[in-house]
Amino acid sequence: MTEDPPTDDDYDIEPISTGVAELDKLLHGGYIRGRTYLVQGVSGTGKSLLGQHFLEAGLEAGETVVYIHGEESKADIVLNAAQLSVDIGDAEFLDIGPGTDFFAEDISYDLVETAEVESERFTKDIKEVIESVDPERLLIDPITQLQYVERDEYQYRKRLQSLIRFLRDRQVTTVATRTVSRGVPHGSSYDDFESLSDGVVNLYLDESERRIAVPKHRGLGQADGTHGLEIRDNGIEIYPQTIPDHDDRPFDPTLITTGHETLDSLLGGGIERGAVTFIAGPTGIGKSTTGAQMLSGIAADGRPALGYLFEESIDQFTYRCENLGIPISELRETGQLHLTEVEPLVRSAEEFGQYVVTEVETHDPAAVFIDGLAGYTISLQGDDQRLVRRLHGLTRVLKNHNVATIITDESDALTGFPKATSTNTSYIADNIVFLSYVEVDGELQRAIGVLKKRLGDFDSRFHRFAIESEDGLQITGPFEHVHGIMQGTSHRSE
């Protein structure tokens, strides 16, 4: 009599580490012992490396592990893994790929098809290594090596079902990799293993950006959406989306000074703790300088401040600010101001978000300055919708820490103010300070105004401003009898 296959109720749900801590978090604890997982993506996304981390974690825990491979030799696998600080030399290896003699020999089968012979050989070899080693973890890299030797898709699915039952009966936690073609959505072809697996991990590579998603994880669930992934010297690093937790912190609308009396006056006394302030305007108008003034004023008032520079180096930023009388060097030396250069093509938005949150938890600042939004957009590969979601998540986390956030945002128009922000992020802002060029009587001037202040009153008039050597940001009286500034067609009225 044939026994019924085991069900979920037959096993306790015991999460085990994937070898990558942040993937464990995405999987709500890790892989489940005795289950089967599929890792898939185009070539070069890190599928094999993710599987190797899984085996290394098992070796470090004193478990027995087996690596079934079909595309690279054992020597190459061990060497390449070691280059990324992954040690799997003590794993048991089974090579199911064709040897070098396959190319030279002339083999023919008279009574059976080649596929059937190869399939039976693979099944026999895998069964023997599992029974002799009795592993707790197994990596099949790639699972498509089995597909190649089956006569048709039906036979392949039947073989997979048998293999998965065999491994599950023995409580072997299995990770299998599969390469998908570029431009072909995951699961659109040969998705048999995907449907049979207990969990699926998708890896993506879009130009220079790597990403990871977990669309399926039976038993524990998963964190939805896509997340940042990098391959660095120590292997795979994963950066989950910055998602704010529910926070019971009481609302604190305390004003903090920008260190500039006139700017404070425009803003109704300053900016609030936990508020998000956008400084918007065309290139060269003085957004970074205005932000630097706010940042230095807040830092000089007693609480630390953090600045993240997407568009210039720390040396250039410091030199320019010092020439305008903004004491960046002094504030950095006293530990009141911390600056970081950010290369958007190196760090994903998720990695940047995690870095900022870690710095906030370390330094407990009053304010964070992000200069500018265009560089942040580049780190998202120009995806405006993802920009809004990631920026919303980051600013909400900073609000929960009662940190004021200041962001510079470049507009396309040199004059006027056609829209509040360059992307659909204006709803995130509690305050919007806008800068614009204004032509009055044939003379080009600069205007500053406050478009929005969610938490209090503000001066709604346009004021003249200038940036002067040693004196920095100079704001003078409002424009009198001048109309059309926001439309970019200013004119005097009598």
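Worth saying up front: this structure is predicted, and the values here are computed from it rather than measured.

Visitor: I would appreciate a short explanation of the overall build of the protein chain in the present structure.
Guide: Of the regular secondary structure elements, the protein chain holds 15 helices and 24 strands. Looking at the 494 residues of the protein chain, the share that counts as buried comes to 51%. Looking at the protein chain alone, contacts between residues at least 24 apart form 69% of all its contacts between residues at least 6 apart. Here the protein chain displays about 22,900 Å² of accessible surface, and carbon together with sulfur accounts for 47% of that area.

Visitor: Help me understand the nonpolar core, please; the structure alone is not making it clear to me.
Guide: If you look at soluble globular proteins, the nonpolar side chains tend to sit buried side by side. Leu263, Phe317 and Ile448 are the most contacted members of the largest nonpolar core, which has 35 residues in total. The biggest single contributor to this core is helix 10 (residues 287-300), with five residues. Contacts of Phe317, omitting those with residues within four sequence positions, involve Ser288, Ala292, Leu309, Glu312, Ile328, Leu339 and Phe369. Counting residues in each nonpolar core, the second largest holds 30 residues, with Val39, Leu55, Ala81 and Ile212 among its members.

Visitor: What exactly am I supposed to notice about the side chain of Asp141 here?
Guide: Among the secondary structure elements, Asp141 is positioned in strand 6 (residues 137-141). Among the polar contacts listed, one links the side chain of Asp141 to the side chain of Ser48, at a separation of 2.7 Å. Of the polar contacts made by the side chain of Asp141, one reaches the side chain of Thr177; its length is 2.6 Å. In this structure, Asp141 is in contact with Ser48, Tyr67, Ile68, His69, Gly70, Glu71 and Thr177, ignoring residues within four places of it in sequence.

Visitor: Can you walk me through the sheet that holds strand 10 (residues 226-232) in this structure?
Guide: Here we have nine strands laid out as an open sheet, ordered 5-4-6-7-3-8-9-10-11, and mixed in their pairing. In the strand order of this sheet, the two ends are held by strand 5 (92-95) and strand 11 (235-239), each with one partner. Each strand axis lies, on average, 20 degrees off the axis of its neighbour in the sheet, ignoring direction. For strand 9 (residues 209-217) and strand 10, the ladder comprises four bridges, and the chain directions are antiparallel. By the bridge assignment for strand 10, Ile212 is matched with His227.

Visitor: How do you make sense of the packing of aromatic side chains when you look at a structure like this?
Guide: Describing an aromatic ring pair means giving the distance of the ring centres and the angle of the ring planes. In this structure the tally under the stated criterion is seven aromatic pairs. Measuring from centroid to centroid gives 5.4 Å for Tyr67 and Phe93, while their planes differ by 20 degrees, and the two rings are stacked. Remark: Phe93 occurs in strand 5 and Tyr67 occurs in strand 4 (residues 65-69); sequence separation between them is 26 residues. Grouping residues by exposure puts Tyr67 and Phe93 together as buried. These aromatic residues form a ring-pair network of at least three members: Tyr308, Phe310, Phe352 and Tyr355.

Visitor: Would you mind going over the confidence of the model for the protein chain with me for this structure?
Guide: Caution applies to low-pLDDT regions: their predicted coordinates should not be interpreted in detail. The share of residues in the protein chain with pLDDT of 70 or more is 82%, and the mean pLDDT across the chain is 84. A low-confidence stretch, residues 100-104 (pLDDT under 50), is modelled with zero contacts involving residues beyond four sequence positions or located in other chains. For residues 107-114, every residue scores under 50 in pLDDT, and the model assigns this stretch five contacts once sequence neighbours within four places are set aside.

Visitor: Which parts of the structure should I look at to understand the sheet that holds strand 18 (residues 404-410)?
Guide: In sheet architecture, strand pairing relies on hydrogen bonds along the backbone and comes in two forms, parallel and antiparallel. Strand order in the open sheet formed by nine strands is 16-15-17-18-14-19-20-21-22, and the pairing between neighbours is mixed. On the outer flanks of this sheet lie strand 16 (337-341) and strand 22 (472-478), each paired with one strand and no other. Neighbour to neighbour, the strand axes of the sheet diverge by 25 degrees on average, direction disregarded. Sitting on the sheet, helix 10 is in contact with strand 14 (276-281), strand 15 (305-309), strand 16, strand 17 (367-371), strand 18, strand 19 (431-440), strand 21 (463-468) and strand 22, with an inclination near 150 degrees to strand 14. Against the sheet, helix 13 (residues 349-363) makes contact with strand 15, strand 16 and strand 17, and its axis sits at roughly 160 degrees relative to strand 15, the strand it touches most.

Visitor: Would you take a moment to explain the pattern of salt bridges for this structure?
Guide: One pass over the structure, following the stated rule, counts 22 salt bridges. Residue Arg461 pairs with Asp459 through a salt bridge whose shortest N-O separation is 3.1 Å. Look at Arg461 and you get partly exposed, because its relative accessible area is 45%. Its relative accessible area of 15% is what places Asp459 among the buried residues. What emerges from the salt-bridge pattern is a single network uniting Glu14, Arg33, Glu63 and Arg137.

Visitor: Would you mind showing me how to read unusual backbone geometry here?
Guide: Across residues other than glycine, the phi torsion is negative in most instances, and most of the peptide bonds are trans. The linkage connecting Asp141 with the following residue, Pro142, adopts the cis geometry, with an omega of 5 degrees. With respect to the helices, strands and loops of the structure, Pro142 is situated in the loop between strand 6 and helix 6 (144-147). With a phi close to 60 degrees, His28 is a non-glycine residue in the positive phi region. The exposure class of His28 is partly exposed, given its relative accessible area of 42%. A positive phi angle, near 60 degrees, is found at Asn402, a position not held by glycine. Within the fold, Asn402 resides in the loop between helix 15 (384-400) and strand 18. Exposure remark for Asn402: the relative accessible area of 12% places this residue in the buried category.

How each quantity is defined
- Residues numbered from 1 in each chain as written.
- Predicted model: local features only at pLDDT ≥ 70, side-chain atom pairs only at ≥ 80, totals over all residues.
- Heavy atoms only, no water.
- Helix = DSSP H or I, 4+ residues; strand = E, 2+ residues; numbered from the N terminus.
- Buried < 20%, exposed > 50% of the residue type's maximum accessible area, 1.4 Å probe, protein only.
- Contact = heavy atoms within 4.5 Å.
- Areas by Shrake-Rupley, 256 points an atom, 1.4 Å probe, with all protein chains shown as cover.
- Core = buried A, V, L, I, M, F, W, Y, C linked by side-chain atoms within 4.5 Å.
- Polar contact = N/O pair within 3.5 Å; in protein donor to acceptor, adjacent residues only side chain to side chain.
- Pairing = 2+ DSSP bridges.
- Axes fitted to C-alpha atoms, helices over the stretch in contact; angles between N-to-C directions.
- Phe/Tyr/Trp six-rings, centres within 6.5 Å; stacked < 30°, edge-to-face > 60°.
- pLDDT = per-residue confidence, 0-100.
- Salt bridge = Lys/Arg side-chain N within 4 Å of Asp/Glu carboxyl O.

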